[in-house]
Each structure stands twice: as structure tokens, then as C-alpha cells.
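Now for the letters of each chain:
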Amino acid sequence: MLESAIMHEPESKYCYAIDTNKIALRIRIAKDDNPKISVIYGGKYSYSLEQKTMNMERAYEDRLFAYYTCVLKLTDCRLVYIFEIDDHGEKYYYSEDGLSKEFDFNLSFYNCFQYSYINECDIIKTIDWMKSAVFYQIFVDRFAIGNLNKDMSYINMDWKGKPTPKSFAGGDLRGIINRLQYLKNLGINAIYLTPIFKSISNHKYDISDYLNIDEAFGNKEDLHELINKAHSLGIRIVLDAVFNHCSENIMQFQDVLAKGRSSKYYDWFIITNDNPLDYECFAACKYMPKLNTSNKEVQSFLMNVGTYWIKEFDIDGWRLDVSDEVSHNFWRKFREKIKECKRDAVLIGENWHDANVYLRGDQYDSIMNYAFTKAALDFYAFGSLNPLSMAHKLNGVLMRNSDNVNHMMLNLLDCHDTLRFYTEVKKNENKLISALALLFMYPGAPCVYYGTEVPLEGGYDPDSRRCIDWKHINDNLRVSSIISKLAEIKKIVKAGNVRIYSKDNLLIIDRFDDENTYRLLINNNSYSIKYKEVNIKCSNLYQDGYILGDGFVIDKIS
């Protein structure tokens with residue numbers, strides 16, 4: 001047994017509270033080792049006299065490690081514990097002292113693991129509606145034109161044309177209102193909108209007024225109507241919060257340009273030189289100066305923005321742009337204010353990498369899961385992962401965070417910042433459909449980028465931001481019909497357990513609870529693989545008892 005591979009850490013993703021009387025535990029070992037592992041646990045003040053034992057399940061494997069898990073139901077919320085590892089008849093104990101052949105329970109208060117006390121406010125609570133959420137991301141300027149009476153003079157792009165960085169196509173909030181029933185029929189129950197606030201760009205990520213809607217998109221009455229009608233259909237609305245940076249046209253920055261150090265807003269920005277003026281910005285975009293989110297006045301301003309749109313419009317949460325470059329201190333304060341305002345408002349960070357430090361219950365609820373995106377590309381588009389290595393990769397992504405967080409992750413194949421997935425797989429519709437099945441069966445909230453159901457193609461930004469051709473929306477209903485079926489299955493597997501593995505050169509995901517097990521089998525090969533039909537709920541390229549190449553089956557096992 002490889003001792004250096006063994007890993008456990010209390011009060012972390014390896015040990016976390018699910019409820020006031022439930023603790024989830026994980027322990028990591030080398031993948032090639034296969035011992036029996038149990039946890040020996042008890043109350044903090046009675047452990048030396050009385051211990052209980054629970055066997056742990058080998059639940060996940062990635063490329064290097066295996067992870068054993070269990071959930072303890074406690075009568076004493078002051079937990080202490082160690083692990084017993086039976087390696088083919090050789091017994092070991094694993095505690096704060098590491099691996100040992102003996103453990104003295106009479107002196108356990110020195111070296112056992114502990115979760116000192118389950119304080120309710122420290123529990124990472126899963127937002128219930130996120131468990132069954134099916135998101136649809138809309139780049140507002142390119143979705144649909146609804147207000148035909150507005151000033152159209154700003155539009156400089158043909159609706160069927162290819163976008164440029166400065167293209168305006170005319171999409172607006174009224175266009176979304178008019179298509180809500182369409183989205184409902186597709187199976188969508190949550191919409192994430194790119195920014196809608198005052199800005200000179202088509203994307204609105206350079207905001208000059210956070211408390212007003214850009215005239216090209218409509219007004220506050222339109223937003224009220226959109227949210228009210230969406231809510232009546234059971235659809236949530238999440239807006240985009242751009243708090244890392246703003247537009248150079250915002251009043252506060254213009255004041256700095258005019259007055260320099262004498263401006264009362266000078267410290268709102270991170271200014272590195274006065275003459276000539278130089279300052280930090282988003283990427284290399286000098287027209288987007290970076291906000292100093294360590295400044296208390298800036299924090300107060302942005303928290304007011306965050307709570308205003310919840311209190312006045314009842315939005316259901318925020319997607320947080322460039323969230324990993326904003327101060328942890330601000331996100332902690334922001335979370336408190338938002339949750340005081342609306343407990344089940346979701347906070348979704350735009351972090352492209354492992355973000356566990358942000359996902360411990362004090363900052364965001366989840367992130368846009370680009371690790372899943374890259375795995376899907378490697379598997380379907382680039383061919384660098386086979387079914388076994390894909391299973392390992394997907395398990396590894398899950399092990400970055402607690403299960404509470406995993407059920408709230410925003411999983412995506414593509415978005416406005418990436419190439420279209422359909423283009424990445426060389427317009428192979430079967431691969432796209434198979435990837436969508438994976439997206440919906442993986443733990444978390446699937447997010448469908450607008451137009452995927454067409455399917456819409458597109459290269460890198462801005463080409464990934466083309467318009468939907470509504471005149472031909474019904475020409476090919478194959479992808480949209482699969483999305484609708486997958487959305488129905490998502491309602492059933494919304495928060496069940498998961499097992500991801502490979503067998504017979506298939507990628508397999510089991511989603512199960514105490515009553516049901518649904519199994520996704522993906523054949524990413526060019527040849528057919530035998531599979532007997534039993535209770536199939538959803539499939540693609542299934543014929544005569546075989547899953548054809550690039551096909552999938554979702555089967556109800558029990």
C-alpha cells in the first residue's frame with residue numbers, strides 16, 4: 001500500500017457537514033491499492049470509551065487515486081474519528097499522526113481527526129432549485145428582436161451575418177419575453193443573461209451605469225415583465241455582475257480623469273502612475289479600468305447594485321464576471337448581503353480553474369465548470385481522452401469540491417467566450433447530442449448556450465455570438481427534441497448519487513438514489529457496441545440491440 005498517496009483533511013472537501021447532524025467523509029488512496037476502509041467515530045468527549053464503526057465505499061477513481069466515502073448520521077455534533085484500513089488482512093490506523101499499526105484510544109484526544117462542532121451557519125447549503133435547474137445562456141443582442149418600434153439606427157449587422165467585435169444585431173429583452181414559451185417547451189427552467197446594463201458595446205461587459213438598463217435592450221418595465229412572466233412559467237432569471245472592472249465612461253472614472261488625485265473616486269481604481277495616468281484594467285483593455293474591490297466605498301457601491309436588482313426586480317441570482325480577480329474580502333461581504341436579501345439567490349463565479357478556496361460556503365455557491373468543458377472537448381473533439389481516461393477526468397473534477405457544491409455547478413459545453421462546441425466537433429451532430437446527454441447526466445446544472453438546439457455553429461469570439469435564424473428554427477428539430485427529453489430526465493436524477501466508470505469501451509454514468517438508478521452509456525467509438533434494450537428512456541443511434549458509433553443510451557436500471 002502506497003502510504004504517500006493517503007490523504008484526508010478535516011473540515012474540507014474531505015470532511016464537511018451536510019446537515020446539523022450529518023457529516024460526509026472522504027479518504028484518498030492510490031488507485032492501484034484496494035483495501036477495505038472503515039471509519040471509527042464517536043463523540044468528542046466520549047470517544048475513548050465508546051466508538052462506532054462504518055464501512056466506507058470505494059466511490060470514485062481518477063488517474064492516480066481512488067476515493068472512499070461515507071455519510072455519518074450523528075447524535076453528537078462534536079465528531080472525532082480515525083480510519084481503519086485493512087490491506088489484505090494487514091490492519092492499519094490512519095489519524096493525524098498518519099499511518100500506524102496501533103492506535104491508543106485512551107489518548108485519542110491528541111491525534112484523532114475532529115470536526116469540533118457543526119455550527120449551522122457553517123454548513124454549505126445547496127440551493128434546492130439548482131438541483132433541477134436547466135440553464136439557457138442568452139447573449140442578448142443576438143437572441144431575438146422583440147421591440148420593432150425602437151430606434152434601430154444603432155444596428156449595423158444583418159441578422160444572418162457574421163458578427164464583428166463592434167456588431168449590433170438588435171436583440172432585446174422584448175425578444176426574450178416573446179420566446180419564453182419556446183424556452184419552456186425546450187425544457188429550460190433557468191436563464192442566464194449576459195449583461196443588460198448601460199454600455200456602449202454589444203456585449204455590455206464595460207458598464208457605465210449599473211443601475212439602469214441599456215436602451216438598446218429595453219427598460220426596467222421590460223425587465224419586470226420578463227421576470228414576472230418567466231417566474232409564472234417556472235423559469236428563473238440570473239443576471240451578469242461585472243464587478244472586476246467597469247467602463248472608462250462611468251461617472252466615477254471620468255471624475256478621476258478630470259481631477260486626478262483630488263477626485264474623491266481616485267481610490268476606487270488601482271492607479272499605478274499619475275503622469276501620464278496609468279491604471280490596472282481588465283486584460284489589456286484600457287477602456288475597462290479595474291475596480292479596487294478592497295476599497296470599502298467600492299464594496300458598498302457594488303453591494304448596493306447586487307441587492308437593488310434583487311429587491312426591486314426579484315432576480316434569482318448573479319453570474320460573477322472575472323470573479324477570480326476580485327478580492328475574497330469583497331465576495332464574503334457580498335454573499336452576506338445577497339443571502340440576507342434572498343436566501344436562495346445563486347452566486348455563480350466565472351473561475352476557469354480549480355476554485356475550491358471560493359467554494360467553502362463563504363463566497364460563491366458554484367462556478368462555471370470549464371473543467372467539464374475541457375474534458376468534453378478532449379473526449380469528443382480532440383480525441384485525447386478515451387472512455388476510461390474520461391471517467392477518471394470527470395471523477396477528478398468532482399473531487400475538487402464537496403457534493404453540496406457539485407450539485408450547484410454550472411456545467412457547460414460552450415458559451416460566449418469559447419468556440420461553439422458544434423464547430424469544435426466539426427459539425428458532427430451525433431457527437432453534439434451525445435455530449436448533451438453527458439452534460440445533463442453529470443452532477444450539477446446543465447447550461448445550454450443559445451442556439452445549440454438549432455444547432456448553431458461559430459468560431460472564437462465574436463464568431464461564437466451569431467444570431468438565431470428564427471425563420472428556420474423548425475427545419476431541424478433533432479437536437480432540440482433530445483434536449484427536451486434530457487430535461488425531463490434531469491428532473492428525476494437531479495440530486496442523486498453518481499458513479500462514473502468505463503466498461504466494454506463505453507463511458508458509463510450511473511445516477512441513483514434509494515429508489516431509482518438511471519444509466520447513461522456513451523459509445524464514443526466509430527464502431528457499434530452490443531447493448532440489450534431494457535427500459536430505455538432516451539437514446540441516439542441505438543439499433544437492433546447495438547449502440548452505434550457516437551451514440552448513447554439512457555436506461556432505467558431500477
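Now for a quick tour of the structure. (Residues numbered from 1 in each chain as written. Predicted model: local features only at pLDDT ≥ 70, side-chain atom pairs only at ≥ 80, totals over all residues. Heavy atoms only, no water.)

**Some details on the sheet that holds strand S22 (residues 366-369)**
Which entries qualify depends on this criterion: Two strands are counted as paired when DSSP detects at least two bridges linking them. The way it works is that DSSP assigns letters per residue, a run of H or I at least four long becomes a helix, a run of E at least two long becomes a strand, and they are numbered from the N terminus. To define axes, lines are fitted to C-alpha atoms, for helices over the stretch in contact only, and angles between the resulting N-to-C directions are given on a 0 to 180 degree scale.
The strand order S11-S12-S15-S20-S21-S22-S23-S24 describes a closed barrel built from eight strands, whose pairing is parallel. Looking at each pair of strands side by side, their axes are set apart by 25° on average, direction ignored. Relative to strand S15 (residues 236-241), strand S12 (residues 190-193) runs parallel, the two sharing three bridges. Along S15, the bridge assignment pairs Ala190 with Arg236.

**With respect to the pattern of salt bridges**
Quick reminder of the rule: A pairing counts as a salt bridge when a side-chain nitrogen of Lys or Arg comes within 4 Å of a carboxyl oxygen of Asp or Glu. Only protein chains enter the area calculation, which uses a 1.4 Å probe; residues under 20% of their type maximum are buried, those over 50% are exposed, and those in between are partly exposed.
Counted under the stated rule, the structure contains 35 salt bridges. One salt bridge connects Arg236 with Asp344, and the closest N-O pair in it is separated by 3.5 Å. Of the two residues, Arg236 is situated in strand S15 and Asp344 in the loop between helix H8 (328-341) and strand S21 (346-349); the sequence distance between them amounts to 108 residues. Put simply, Glu350 and Arg319 hold a salt bridge, and the shortest N to O gap is 3.5 Å. Taken together, the positions of Glu350 in the loop between S21 and S22 and Arg319 in strand S20 (residues 317-320) put the pair 31 residues apart, joining distant regions of the chain. Take Glu350 and Arg319: they sit in the same class, and that class is buried. One network of salt bridges, in which partners are shared, links Arg236, Asp314, Asp316, Lys342 and Asp344.

**Concerning empty space enclosed by the protein**
Note the following rule: Of the grid points, spaced at 1 Å and generated over the protein atoms alone, those admitting a 1.4 Å probe that cannot get out make up cavities, while open sets with protein on both sides within 12 Å along at least five of seven lines make up pockets; any residue with an atom within 4 Å of a point is treated as lining. Grid points are joined across faces, edges and corners, and a volume is the space filled by probe spheres set on the points. As a working rule, the residues Ala, Val, Leu, Ile, Met, Phe, Trp, Tyr, Cys and Pro are called nonpolar, Asp, Glu, Lys and Arg charged, and the rest polar, with Gly in that last group.
Under the criterion given, the structure shown has three cavities of 30 Å³ or more. Taken together, 13 residues make up the lining of the largest cavity; nearest its centre are His353, Ile367, Asn369, Arg400 and Met409. Only S22 and helix H9 (370-382) provide two or more residues apiece to the lining of the largest cavity. Taken together, the residues that form the lining of the largest cavity break down as seven nonpolar, four polar and two charged. What the second largest cavity holds in volume is close to 50 Å³.

**Some thoughts on the environment of Phe65**
This is how the line gets drawn: Whether two residues are in contact is decided by their heavy atoms, any of which lying within 4.5 Å being enough.
Looking at the element boundaries, Phe65 is found in strand S6 (residues 65-73). The spatial distance from the C-alpha of Phe65 to the C-alpha of Ile85 is 16 Å, given a sequence separation of 20 residues. For Phe65, the residues in contact, after removing those within four places along its chain, are Ala5, Arg28, Ile29, Ala30, Lys31 and Tyr60.

**Some remarks on helix H14 (residues 478-492)**
Keep this limit in mind: By this rule the span expected of a helix is its residue count minus one, scaled by 1.5 Å.
Compared with the 21 Å implied by 1.5 Å per residue over 15 residues, the 22 Å span of H14 between its first and last C-alpha is a close match. Buried within H14 we find Val479, Ser480, Ile482, Ile483, Leu486, Ala487, Ile489 and Lys490. Its buried side turned inward, H14 meets helix H2 (128-131), helix H4 (180-186), helix H13 (429-441), strand S24 (445-449), strand S29 (536-543) and strand S30 (546-556).

**Details of the side chain of Asn356**
We count it as follows: Any N or O atom pair separated by 3.5 Å or less is treated as a polar contact, with the protein-specific requirement of one donor-capable and one acceptor-capable atom, and with residues adjacent in sequence counted only for side-chain atom pairs.
Within the element layout of this structure, Asn356 appears in the loop between S21 and S22. What makes Asn356 buried here is its relative accessible area of 13%. A polar contact is formed between the side chain of Asn356 and the side chain of Arg360, at a distance of 3.0 Å.

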